[in-house]
Structure formats: structure tokens, C-alpha cells
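Residue-level structural notes
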Amino acid sequence: MEVKVINNQIERSMRELKRMLIREGVFKELKKRRYYFKPSIKDRMKREDAEKTRHKDRKRAQARARAVL
């Protein structure tokens, strides 16, 4: 990844880099690898994350449907 510093605006470039890292999932991966989880706990966390994603997708679809009407 590369972020260019324009007009000596380091803070802005740092924010942009952080956004890029978040978008790529680097921070999530670091948190995941910080500790060892037993395989059974990993499976449970995976199921919970999938449920969260489904819930968010359902909410977004409902919001879009309301916006169309």
C-alpha cells in the first residue's frame, strides 16, 4: 500500500492510510491473531460473525426498500 503526502499534510495521509488498512481488513486480522483460540471457539465466532452479517444485510435491504417506496 502506498499513500502520497501532498503539501506536507502528514495527518491527512495517516488518516487515509488507516482507512485503507481498515478497508483491507488488516486491523481485524491483527485482532484475530493476537490470541490463540481453540477450534471450537473459532467455529462459534465464525457462526456469530455470519449471523451479524446476515442481520446487517437484512437491515440494509429493508432500508433500501423503504427508500424506494
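A quick note: this is a predicted structure, and the numbers were derived from the prediction, not measured.

1. What to know about the pattern of salt bridges
- Within this structure, the stated rule accounts for five salt bridges.
- The salt bridge involving arginine 33 is made with glutamate 29; its shortest N-O contact spans 2.5 Å. With a gap of four residues between them, arginine 33 and glutamate 29 both fall in helix α2 (residues 26–33), about one helical turn apart.
- For arginine 44, the salt bridge identified is with glutamate 48, shortest N-O distance 3.9 Å. Taken together, the residues arginine 44 and glutamate 48, both in helix α3 (residues 39–68) and four residues apart, mark about one turn of the helix.

2. Examining a nonpolar patch on the surface
- Residues Met1, Ile22, Val26, Phe27 and Leu30 make up a contiguous nonpolar surface patch of about 470 Å² in total accessible area.
- A per-element tally of the nonpolar patch places α2 first, with three residues.
- Residue position: valine 26 is located in helix α2.

Reading the values: the criteria
- Residues numbered from 1 in each chain as written.
- Predicted model: local features only at pLDDT ≥ 70, side-chain atom pairs only at ≥ 80, totals over all residues.
- Heavy atoms only, no water.
- Salt bridge = Lys/Arg side-chain N within 4 Å of Asp/Glu carboxyl O.
- Helix = DSSP H or I, 4+ residues; strand = E, 2+ residues; numbered from the N terminus.
- Patch = residues over 30% accessible without salt bridge, like charges linked within 9 Å, V, L, I, M, F, W, Y side chains within 5 Å.
- Areas by Shrake-Rupley, 256 points an atom, 1.4 Å probe, with all protein chains shown as cover.

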